[in-house]
Amino acid sequence: MYVDAAIQNFPVTDDAMLNSASPVLRVARAGGVYQGPLPGDDWSVFTANHTTYEPVAWGSNSSGGERDEYIPLATVMQDHGMYDGISRVLFGNGLNFWLHRLLFLDSLSYLSKGLLSISLERQVLVDIDDIFVGESGIRMWKDDVHDLIETQDRIRQLVPGFKFNLGFSGKYFHRGTWEENEGDDTILENVDKFNWFCHMWNHMQPHLYNNETHLEYEMSLNKAFAEAHGIPANSSYSVAPHHSGVYPVHELLYTVWKKVWKIRVTSTEEYPHLRPARLRRGFVHRGIKVLPRQTCGLFTHTIYVDRYPGGRRKLDESIMGGELFQTIVYNPINVFMSHMSNYGSDRLALYTFESVFQFIRCWTNLKLVSSGPMELADKYFKMYPEEIDPVWGNPCLDQRHLKIWSYKKSCQHLPKFLVIGPQKTGTTALYTFLSMHPNISANIPSKETFEEIQFFNGRNYYKGLDWYMQFFPSNDSVDNKIVFEKSATYFDSDIVPKRVQALLPNVTILISPAKRAYSWYQHAKAHGDPNTLKYSFHQVITANESVAPKSLRDFRNRCLNPGKYALHIERWLDYFHHNNLHIIDGDQLKSNPVDVLDQFQKFLKITPPFDYSSHIRYDAKKGFFCKVLEGGGNKCLGKGKGRQYATMDAESYKYLREYYMPYNTALVKLLRKLEHTTIPQWLKDDLSYSW
Ligand SMILES: Nc1ncnc2c1ncn2[C@@H]1O[C@H](COP(=O)(O)OS(=O)(=O)O)[C@@H](OP(=O)(O)O)[C@H]1O
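Residues numbered from 1 in each chain as written. Predicted model: local features only at pLDDT ≥ 70, side-chain atom pairs only at ≥ 80, totals over all residues. Heavy atoms only, no water.

What about the UniProt feature "binding site: 3'-phosphoadenylyl sulfate" (unreviewed entry) in the chain?
Line of reasoning, step 1. Mapped onto the present numbering, the UniProt feature "binding site: 3'-phosphoadenylyl sulfate" (unreviewed entry) falls at Ser519, Lys641, Gly642, Arg643, Gln644 and Tyr645. Of the residues just listed, which span 127 residues, no C-alpha pair is farther apart than 11.6 Å, and they cluster in one region.
Line of reasoning, step 2. Considering the arrangement of structural elements, one finds Ser519 in helix 14 (residues 513–526).
Line of reasoning, step 3. Those residues in contact with Ser519 that sit more than four places away from it in its chain are Lys424 and Tyr645.
Line of reasoning, step 4. Note on placement: Gly642 falls in the loop between strand 22 (634–635) and helix 21 (650–673).
Line of reasoning, step 5. Of the residues examined, Gly642 reaches a relative accessible area of 25% and is grouped as partly exposed. (UniProt positions renumbered as here; feature names shortened; annotations may be inferred. Helix = DSSP H or I, 4+ residues; strand = E, 2+ residues; numbered from the N terminus. Contact = heavy atoms within 4.5 Å. Buried < 20%, exposed > 50% of the residue type's maximum accessible area, 1.4 Å probe, protein only.)

Okay, here's the thing in structure tokens:
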């Protein structure tokens with residue numbers, strides 16, 4: 001039994017067709033003959049002598065002969081696995097050919113017995129933005145509007161219930177030529193034939209507004225326009241010009257959208273970035289669902305076919321198996337943006353959408369469906385619940401985002417590094433010493449969260465980047481400084497590394513995890529935590545999983561979990577290059593902070609370095625290093641840092657050394673991997689077997 005496939009450089013240049021009887025076909029549908037040219041000239045074709053092999057697709061070699069004389073050549077072959085029990089699908093060429101991409105998806109589904117399958121339903125929403133906005137000369141005429149309605153009727157045969165979704169800016173109504181104004185009137189005469197959503201009254205980008213009253217006034221003008229012209233204004237959907245204000249979020253837009261229009265859904269191409277398009281995602285902010293939008297290749301000035309980049313050939317390529325076709329194949333929910341101007345002149349958008357829907361119908365078994373934005377958003381986040389929580393990126397790292405960021409916001413309002421903890425390792429001392437540096441500036445303390453902002457680990461994150469940036473005000477004294485923030489609970493929080501990945505680098509401080517746990521207990525005791533009144537330190541750390549009450553187990557976990565350093569650092573390294581994670585030995589920070597700070601200045605590449613030796617010194621009374629005051633005295637950290645308490649009992653220390661043994665062993669390995677030449681003494685001590 002054999003399948004013979006070794007015919008290299010075989011020119012299969014024309015005519016591809018599918019075997020409609022092949023069980024592999026699922027998304028792909030035998031849609032007739034696709035007349036090439038097919039990409040590449042190094043096709044392999046298959047011949048077989050056993051029924052285990054069954055062709056999935058054929059091509060043909062057109063060189064020279066008449067079309068009638070073509071012999072079909074099997075280019076994709078299924079092996080049913082009768083020979084060796086292994087089912088396969090063999091491709092005679094790569095995935096450059098669009099039909100092979102469909103077949104590849106289908107092969108995954110078939111060979112995994114449906115486990116790796118995607119749904120066959122495809123939602124499509126086509127927004128037509130800038131209704132009335134278009135410059136004179138590129139707007140719609142009366143006949144364009146009629147053609148829009150007729151095409152929409154035909155599209156409804158392919159996509160049941162389909163209606164174009166029109167976004168209007170009333171200020172520009174009747175601002176065209178006589179014929180264009182007639183086009184405006186025709187649109188309004190047919191208002192019921194379409195769905196509608198509000199755009200900006202005067203098409204100004206929302207991030208340019210900094211005054212709520214002003215933005216609200218203009219949105220209200222558009223609302224009044226809608227009411228005066230019978231435009232239904234209850235879709236709860238809106239779109240902002242150039243994605244401005246949606247992402248990066250301009251809170252003012254969200255506030256006023258909700259107030260004036262009760263907006264609950266919008267869409268953007270910019271989250272997390274425009275490119276790559278396949279990575280676009282959605283998120284929910286302040287109750288507004290932000291859907292990812294797909295690109296259809298039609299922009300405001302794409303109005304004549306011969307001026308389409310690459311001409312008609314490129315446009316047809318995109319429709320017939322190319323980018324646009326594949327966008328619909330890969331995305332269960334498609335929100336496309338087009339503009340009024342795409343429906344005037346050569347009416348390119350009508351041609352594009354009708355053709356691609358026809359092509360989908362011809363070559364796939366996909367079921368095209370149409371829903372309103374609210375329904376789409378509900379479906380989207382039900383399908384992808386993990387996207388509900390946003391991950392705020394740094395607008396300063398994306399040129400497009402910077403262009404749609406308010407001039408009142410600056411990169412200076414975002415920290416350049418974070419001191420991430422863990423708690424009780426000396427984070428306050430580091431924060432204080434760094435704040436003394438003439439080139440470094442710390443966040444303003446937050447009153448709500450015990451001075452630390454605690455943005456990335458809790459509910460504050462949902463308040464958005466605008467809220468966070470308030471803690472880093474820009475003024476002459478901080479401009480051009482390296483801004484940082486310290487929140488000691490970031491270190492061991494699951495979600496934080498993913499959220500802060502755009503804000504590099506980070507600093508962590510490590511001390512003996514046993515001693516850290518003890519310090520944490522003393523801290524809780526000083527704050528009157530009821531667990532410390534009921535239970536001794538030893539009882540807390542040895543609390544039994546099956547016997548101890550839940551409150552005690554939770555308390556124990558909070559006490560012990562941050563000390564599993566290797567585990568947490570590994571999680572940070574999933575998101576950060578190790579060069580961006582600076583690890584400080586907390587014992588050294590206590591005993592020799594000047595050296596530690598010098599090292600850190602090198603890490604931040606600060607030149608010339610600040611001479612800490614003349615600004616901090618050991619205070620015998622406090623037992624720690626403190627800030628040197630101008631008058632000659634010392635200013636030490638408050639009584640909550642560097643507390644006096646009895647040393648840990650030997651039994652607890654022994655217990656904790658054993659408890660942390662696997663984590664500490666892993667930490668040594670990790671530090672070696674990260675090329676740390678010296679292993680902290682406390683780590684060696686904790687790992688020693690003298691006990
Ligand atoms: N210079 C200086 N002054 C005072 N304290 C110092 C200093 N350097 C390090 N440490 C150690 O810092 C411990 C408190 O750590 P944190 O500031 O990270 O605690 S917190 O998480 O912010 O509550 C604190 O823990 P305790 O000794 O248990 O109080 C100190 O050991």
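A closer look at the sheet that holds strand 5 (residues 72–79)
Line of reasoning, step 1. Overall, antiparallel pairing links the 4 strands, which are arranged 2-4-5-6 in an open sheet. The sheet terminates laterally at strand 2 (14–18) and strand 6 (88–91), the two strands that pair on one side only. Sheet twist, expressed as the average angle between the axes of neighbouring strands with direction ignored, equals 30 degrees.
Line of reasoning, step 2. Pairing geometry for strand 5 and strand 6, over 4 bridges, is antiparallel. When the bridges of strand 6 are listed, Val76 appears paired with Phe91. (Pairing = 2+ DSSP bridges. Axes fitted to C-alpha atoms, helices over the stretch in contact; angles between N-to-C directions.)

Describing the state of the cysteines
Line of reasoning, step 1. Considering all chains together, one arrives at 2 disulfides under this definition.
Line of reasoning, step 2. At a sulfur-sulfur separation of 2.2 Å, the disulfide partner of Cys396 is Cys411. Because the sign of the S-S torsion sets the handedness, a value of about -110 degrees for the bond joining Cys396 and Cys411 places this disulfide among the left-handed ones. Of this pair, Cys396 sits in the loop between helix 9 (373–383) and helix 10 (399–403) while Cys411 sits in the loop between helix 10 and strand 15 (417–421), placing them 15 residues apart in sequence.
Line of reasoning, step 3. When its relative accessible area of 18% is taken as the criterion, Cys396 is described as buried.
Line of reasoning, step 4. Sulfur-sulfur distance for the disulfide between Cys626 and Cys636 comes to 2.0 Å. Between Cys626 and Cys636, the S-S torsion sits near 100 degrees, and that sign places the bridge as right-handed. Of this pair, Cys626 sits in strand 21 (residues 624–628) while Cys636 sits in the loop between strand 22 and helix 21; the two residues are 10 residues apart in sequence, bridging distant segments of the chain. (Disulfide = S-S within 2.5 Å.)

Quick word on the pattern of salt bridges
Should the charged atoms of two oppositely charged side chains come close, the side chains can pair.
Line of reasoning, step 1. Counted by the stated rule, this structure contains 23 salt bridges.
Line of reasoning, step 2. Between Arg88 and Asp79 there is a salt bridge, with its nearest N and O atoms 2.9 Å apart.
Line of reasoning, step 3. Exposure remark for Asp79: the relative accessible area of 3% places this residue in the buried category. (Salt bridge = Lys/Arg side-chain N within 4 Å of Asp/Glu carboxyl O.)

As for the environment of Ser591
Line of reasoning, step 1. Within the secondary structure, Ser591 sits in helix 19 (residues 586–591).
Line of reasoning, step 2. For the pair Ser591 and Gly563, spaced 28 residues apart in sequence, the C-alpha separation works out to 21 Å.

Points about the site of the ligand
Line of reasoning, step 1. Lining the immediate environment of the ligand, one finds 20 residues, of which Thr427, Thr428, Ser519, Gly642 and Tyr645 sit closest.
Line of reasoning, step 2. Measuring from an oxygen atom of the ligand, one finds a side-chain N or O atom of Lys486 at 3.3 Å.
Line of reasoning, step 3. Between an oxygen atom of the ligand and a side-chain N or O atom of Ser519, the distance comes to 2.7 Å.
Line of reasoning, step 4. Protein coverage of the free-state accessible area of the ligand, which is 640 Å², stands at 95%. (Near = heavy atom within 4 Å. Polar contact = N/O pair within 3.5 Å; in protein donor to acceptor, adjacent residues only side chain to side chain. Areas by Shrake-Rupley, 256 points an atom, 1.4 Å probe, with all protein chains shown as cover.)

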